[in-house]
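A look at the structure
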Amino acid sequence: MKKLLLIIPVLFMLSCKQKASDTVEGKKLNKLAEQYVTLGLTIGQYDSDFVDAYYGPDSLKPKEITDKTFPRDSLLANINSLMNDVKLVADANTDSNKIRANWIYNQLLAFNRRVRIDAGEYRSFDEESRELFGVAAPSYAEEFFKADIDKLDSLLPGKGNVNDRFQKLANKFIIPKDKLDAVMKVAIAEARKRTLAHYKLPAGENFTLEFVTNKPWNGYNWYKGKYQSVIQINTDLKIFIDRAIDVGSHESYPGHHVYNTMLEQNLYHNRGWVEISLYPLFSPQSLIAEGSANYGVELAFPGNDKVTFAKNVLLPLAGLDTTGADMYFKALVIKGRLNYARNEAARGLINDTMSESKARSYLKKYCLMNDETADKSISFIKKNRSYVINYNYGQDLVKGYMDRNVGAAKDPAKRWEVFGHLLSNPIDPADLVKK
């Protein structure tokens, strides 16, 4: 087995064989981890969006509540008490215990902010994202996006509004609804094949694919534990051929399904870290999850692979003409760089510096969204607030981490190796930020 050389030494320490959980210090941390899980599940009884996944012991589930009155004060008191106890273990003698304790502590900071949001106590976009996800994304003025809009203006055929011209091109590549199931399954199967060429996942890992409506998101992975996922694709919106690869891979291989599977195997089963069995959606863990899932698309389909696979396999399967596909994917690369404009719309909505109509216009002008996608994006922001930074800034942070740890080597196997370490260990956002 190749030795994994990483720049970040504390993460390398996790590979040592010392059973830190068997020490007095470790046993105390195990108890605190159980309290963390129960507290998170308790919050989830009042906030239906809080718990994204749980596959731990039934014994840690709280009793079902009968009074739905939101207990803000008692929840905050319990969070603060547990944070104080965990902080004492953060100065542990064993490196793995320090890492565990700091990870739990940062997750609890997010618990605190989410409870306050549920109670109607809001802070600015950047303050909120720091407390929930551990970072604040950079802010960009409109001038930042205009340069790429000008590039699209030069690239796209025809004259007039850039968005209209982009939509005209994109509409050639909408997957017909009667072809959607076949196209999505083939795209995910290809992503799975490419992932399994580098990772040996647990026996029996699998997923179920479902098509749903009336959701604020494009796709979702509901991780069920025991290495099983339910992947849902929202058909409210038109699904373009590139989204079959992007959404399919993001939710499955090497995205969310692989991330959760590796954490369950490496940390929950192999190390007995019960805290990892709870995935709170509004927490630093989501920065890692969304950032790595977006980066994973590039990893699985590097260079021109996405365009080639779409032209040779997916477009014919969908019964679509490949004419214009090269130009479309070139436009998508530029459009991808405009994604931070969605953060600015969210920042404006949350900070009350941008009206809903202005935010919608902003999304259409700078993110090149059509009407229905802009409306869906507004709904997502209103529901999930600063969560949007996890997709673009999270991806950029993961890419920076990967580039630093892989180094100048172009060896794809090395890149997959480092990525696997990222997916299967308790990473904090601070670990991703360039030192």
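Residues numbered from 1 in each chain as written. Predicted model: local features only at pLDDT ≥ 70, side-chain atom pairs only at ≥ 80, totals over all residues. Heavy atoms only, no water.

Examining the overall build of the protein
For the protein, the count of helices and strands is 19 helices and five strands. For the protein, whose C-alpha radius of gyration is 22 Å, the value lies close to the compact-globule estimate of 22 Å for 435 residues. Buried positions account for 54% of the 435 residues belonging to the protein. A fraction of 73% describes how many contacts in the protein between residues 6 or more apart in sequence connect residues 24 or more apart. For the protein, the exposed surface amounts to about 19,300 Å²; the carbon and sulfur share of it is 51%. Placing the 60 positive and 53 negative side-chain charges of the protein at their respective mean positions leaves the two points 3 Å apart. (Helix = DSSP H or I, 4+ residues; strand = E, 2+ residues; numbered from the N terminus. Rg over C-alpha atoms; globule rule 2.2 N^0.38 Å. Buried < 20%, exposed > 50% of the residue type's maximum accessible area, 1.4 Å probe, protein only. Contact = heavy atoms within 4.5 Å. Areas by Shrake-Rupley, 256 points an atom, 1.4 Å probe, with all protein chains shown as cover. Lys, Arg positive; Asp, Glu negative; His and termini not counted. Charge placed at Lys NZ, Arg CZ, Asp CG, Glu CD.)

With respect to the packing of aromatic side chains
Within this structure, the stated rule accounts for 27 aromatic pairs. The interplanar angle of 20° and the centroid separation of 4.9 Å between the aromatic rings of Phe-173 and Tyr-328 together place this pair among those described as stacked. Pair noted here: Phe-173 is in the loop between α7 (162-170) and α8 (180-196) and Tyr-328 is in helix α13 (residues 325-337), with a separation of 155 residues, a long-range link. We classify Phe-173 as buried; its relative accessible area is 0%. What makes Tyr-328 buried here is its relative accessible area of 2%. An aromatic cluster is built from Tyr-140, Phe-144, Phe-145, Tyr-340, Tyr-362 and Tyr-366, whose rings are joined through pairwise contacts. (Phe/Tyr/Trp six-rings, centres within 6.5 Å; stacked < 30°, edge-to-face > 60°.)

Regarding the sheet that holds strand β4 (residues 228-234)
Reading across from one edge, β2-β4-β3 is the order of the three strands in this open sheet, with mixed pairing throughout. The outermost strands of the open sheet, each flanked by one partner alone, are β2 (206-212) and β3 (219-225). With direction set aside, neighbouring strand axes in the sheet form an average angle of 20°. The pairing of β3 with β4 spans six bridges and is classified as antiparallel. Directly across from Asn-221, in β4, lies its bridge partner Ile-231. With respect to the sheet, α8 is in contact with β2 and β4, its orientation differing from that of β2 by roughly 150°. (Pairing = 2+ DSSP bridges. Axes fitted to C-alpha atoms, helices over the stretch in contact; angles between N-to-C directions.)

Quick word on the packing of helix α2 (residues 24-46) against helix α4 (residues 95-118)
What describes two packed helices is the angle between their axes and the distance between those same axes. At a minimum axis distance of 11 Å, the contact between α2 and α4 shows a crossing angle of 20°. In terms of their interaxial angle, α2 and α4 are classed as roughly parallel. Where α2 crosses over α4, the handedness of that crossing is left-handed. Here Glu-25, Gly-26, Leu-29, Asn-30, Ala-33, Tyr-36, Leu-39, Gly-40 and Ile-43 of α2 lie close against α4, whose contacting residues are Asn-97, Arg-100, Ala-101, Trp-103, Ile-104, Gln-107, Leu-108, Phe-111 and Val-115. Partitioned by chemical class, the residues of the contact of α2 with α4 number 11 nonpolar, five polar and two charged. (Parallel < 35°, antiparallel > 145°, perpendicular 65-115°, else oblique. Left-handed = near helix turned anticlockwise from the far one by under 90°. Nonpolar A, V, L, I, M, F, W, Y, C, P; charged D, E, K, R; others polar.)

Things to note about the side chain of Glu-190
The topology assignment puts Glu-190 in helix α8. The residues contacting Glu-190, other than those within four sequence positions of it, are Phe-301 and Phe-309.

All quantities given are derived from atomic positions and should not be read as evidence of function.
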